[in-house]
Amino acid sequence: MALPTLPVSSVVNVQINMAPTAAPLRNFGACLIVGTSPVIGPQTRIRTYASTELNDIATDFGADALEYKAAVAFFGQSPQPTEVQIGRWCKTASSGLLNGRILDTGEQAITKFTSIDAGAFDVDIDGETVNVTAVDLSSQSNLNGVASQVTAALSSKGTCTWDGQRFVITSATTGTSSTVAKVTSTELSKAMGLDEGTTSESGVDQETLAAAINTFLDFPSWYMMAFAAEAEDDDIIAAAQIIEAASPSRIFALTTQDTAELDGSQTTSLGYKLNAANLQRTLILYSSSSPVAVASVLGRMATVNFSGSNTTITLKFKQLPGITAENLRYSQSQALSDHCVNAFAVYDNETQILQEGVMCGGWFIDERHGLDWLQNYVETAVWNLLYGAGKVGQDETGMNELVTTVSQAIEQAVTNNLVSPGVWNSDGFGALNRGDTLATGYYVYIQPLEEQSQAEREARQAPPIQCAIKLTGAVHFADVTINVNR
């Protein structure tokens with residue numbers, strides 16, 4: 001038996017304190033394509049696909065679906081985005097459904113089903129028990145055939161489909177009372193993955209586009225939305241206004257094929273209305289060939305790496321792979337430009353470019369995109385300072401920590417070329433005056449502690465921090481004069 005010993009920790013006591021994990025940044029390349037195809041469940045709403053899964057999107061939605069065409073345009077950009085999300089707008093009332101559990105490769109073998117020649121189970125559809133009986137799978141060659149045999153046995157109460165991963169039973173009715181649940185455990189239901197591990201989704205009533213947008217805002221995973229459906233102008237404007245007011249920030253993008261956009265004298269087109277509403281978070285693209293061409297613009301935006309060096313871009317002059325360029329007259333191009341409607345246009349030097357790269361209200365797309373990133377970058381940096389520190393004191397040391405943290409965050413905007421040195425041409429604050437040169441591209445000022453009210457100090461509120469930044473901008477036009485002497 002070992003002799004007793006004293007622990008070293010009674011003399012030298014070492015403790016490990018693990019710092020908390022910092023809050024992550026938002027993904028400003030995350031794109032959501034919104035359509036109306038009844039593929040995604042009415043409660044699930046959003047499904048994510050990798051760039052390698054374009055064939056899966058075609059299988060799920062069909063090659064003629066606007067969602068698939070938008071995904072093709074989005075992934076067709078160079079460099080290529082890595083993933084896209086697809087969301088469902090329930091433009092018409094949707095049906096309740098039951099998602100079976102995902103079957104592994106072995107469970108998907110058709111031999112697991114062909115031995116069943118008199119399969120049966122009970123399923124609750126719309127609150128009533130439906131008896132599925134006499135399902136003969138002995139002659140089926142694939143799982144779509146299995147689903148079709150179950151559909152026949154449902155006797156018009158619902159349908160069964162195979163989505164490539166699992167079986168789904170959908171009610172024949174629509175609306176909030178449409179439900180599918182409670183499959184009994186039998187040989188057939190076990191083989192189909194319907195006996196356990198299932199998820200039910202109740203149907204929903206017909207919803208407006210505005211209601212759908214509000215639903216999608218509950219999902220924090222996306223930043224930019226490509227609209228891939230048909231809607232009335234008033235509905236689109238209402239949706240755009242919701243995006244304008246949304247927090248955290250988002251972008252709404254759509255394509256128009258209305259030739260009225262080419263007429264500079266008209267005041268009825270969607271582009272004109274969006275421009276008149278001064279919407280700075282909505283962008284519109286005119287395309288006579290593709291109803292979802294704007295997804296290609298978002299595809300290019302999605303690959304901007306704000307964490308890199310000299311990585312920010314201007315959208316003007318960029319390509320839209322797979323989208324047919326427009327042969328525009330000068331007056332038509334000017335009409336589009338006047339109403340801030342973008343287009344992919346052919347020039348007489350045999351090139352095609354995206355022009356003008358603007359939001360509906362006139363802001364440049366790259367500035368809107370970049371400033372949304374910068375807001376989140378600074379916000380997250382200050383949060384992580386407060387979150388990770390023992391405390392940030394209400395003294396000069398603490399104030400220096402805050403200013404340094406904000407300055408370091410803005411410094412990344414200088415690195416990626418969103419911000420550059422320049423002259424400050426707005427009202428001054430702190431030591432900054434109108435006309436001063438921002439040698440670093442930015443200036444950060446915090447109100448002196450002695451000027452802070454006692455109430456704010458007691459509430460542990462930091463003094464106001466103000467930042468001035470000078471955007472790098474981009475050259476979109478140039479005039480060159482050649483003086484000749486002989």
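In case you missed it, the structure is sitting above this.
This report concerns the structure included in the present document. The shown structure was predicted, so the numbers you read here are calculated from the model rather than taken from an experiment.

Let's talk about the pairing of strand β11 (residues 224-227)
Then, in step 1: Where burial is concerned, the two faces of β11 agree: the one with M224 and A226 and the one with M225 and F227 are both buried.
Then, in step 2: Judged from the 3 bridges that link them, β11 and strand β12 (residues 251-256) form a sheet pairing that is parallel. Note that in β12 the partner of A226 across the bridge is A253.
Then, in step 3: You can see the chain leave β11, run along helix α6 (residues 233-245) and come back into β12, and the turn it takes is right-handed.

Some thoughts on the sheet that holds strand β13 (residues 282-286)
Then, in step 1: The strand order across the open sheet formed by 8 strands is β2-β3-β1-β11-β12-β13-β14-β15, and the pairing between neighbours is mixed. Each edge of the open sheet is held by one strand with a lone partner, namely β2 (46-50) and β15 (351-355). Strand after strand, the sheet turns through a mean of 25 degrees between neighbouring axes, direction not considered.
Then, in step 2: Sheet topology places strand β1 (residues 31-35) next to β11; 4 bridges connect them, and they run parallel. Within β11, the position partnered with I33 by the bridge is A226.
Then, in step 3: Relative to β11, helix α5 (residues 209-216) is tilted by about 150 degrees, and along the sheet it contacts β1, β2, β3 (83-88) and β11.

Quick notes on the pairing of β15
Then, in step 1: The sheet contact formed by strand β14 (residues 342-347) and β15 spans 5 bridges and is antiparallel. Bridge pairing links A343 to Q355 in β15.
Then, in step 2: Here β14 folds back onto β15 in antiparallel fashion, the turn holding 3 residues, of which E350 has a positive phi close to 65 degrees.

Looking at the nonpolar core
Then, in step 1: Judged by nonpolar contacts, the single largest core of 61 residues is most densely connected at I33, I57, L283, L298 and M301.
Then, in step 2: Counting residues per element, this core draws most heavily on helix α11 (residues 396-415), which supplies 7 residues.
Then, in step 3: If we skip the residues at most four places from it in the chain, L283 touches I251, F252, A253, L254, V294, L298, M301, N342, V358, M359, C360 and I365.
Then, in step 4: Core analysis: the next-biggest nonpolar cluster, separate from the first, contains 30 residues, L270, L274, L336 and A343 among them.

Some words on α6
Owing to its 3.6 residues per turn, the α-helix brings residues three or four apart onto one side.
Then, in step 1: With 13 residues, α6 should reach 18 Å at 1.5 Å per residue; the first-to-last C-alpha distance of 19 Å fits that figure.
Then, in step 2: Along α6, the positions that sit buried rather than exposed are I236, I237, A239, A240, I242 and I243.
Then, in step 3: Elements in contact with the buried residues of α6: α5, β11, β12, α7 (270-276) and β13.

Observations concerning unusual backbone geometry
Then, in step 1: Cis peptide bonds are those with omega within 30 degrees of zero, and the linkage from S78 to P79 qualifies with 0 degrees.
Then, in step 2: Residue placement: P79 occurs in the loop between α2 (66-75) and β3.
Then, in step 3: In this model, Q355 is joined to E356 through a cis peptide bond whose omega is -5 degrees.
Then, in step 4: Its identity as a non-glycine residue notwithstanding, S155 has a phi of 55 degrees, on the positive side.
Then, in step 5: Relative to the assigned elements, S155 resides in the loop between α3 (143-153) and β7 (158-162).
Then, in step 6: One non-glycine residue, R460, lies in positive phi territory at about 60 degrees.

Cut-offs applied
- The residue numbering used here restarts from 1 in each chain and proceeds along that chain's sequence as written.
- It should be noted that, the model being predicted, local features are given only for residues of pLDDT at least 70 and side-chain atom pairs only at 80 or more, the latter also being counted only at that level, while totals for whole chains, interfaces and linings use all residues.
- With hydrogens and water excluded, all non-hydrogen atoms of the structure serve as input to the side-chain values.
- Buried, partly exposed and exposed residues are distinguished by accessible area as a fraction of the type maximum, computed with a 1.4 Å probe on protein chains only: under 20%, between the cut-offs, and over 50%, respectively.
- Only DSSP runs of H or I with at least four residues qualify as helices, and only runs of E with at least two residues qualify as strands; both kinds are numbered from the N terminus onward.
- Think of it this way: DSSP has to see at least two bridges between two strands before they count as a pair.
- Handedness of a crossover: with both strands directed away from the viewer, a clockwise path from the first strand across the helix to the second marks it as right-handed.
- Every axis corresponds to a line fitted to the C-alpha atoms, with the helix fit spanning only the stretch in contact, and the corresponding angles, defined between N-to-C directions, vary from 0 to 180 degrees.
- Two residues form a contact once any of their heavy atoms are found within 4.5 Å.
- Grouping buried Ala, Val, Leu, Ile, Met, Phe, Trp, Tyr and Cys residues that are joined through side-chain atoms within 4.5 Å yields what is termed a nonpolar core.
- Each residue after the first adds 1.5 Å to the expected span of a helix.

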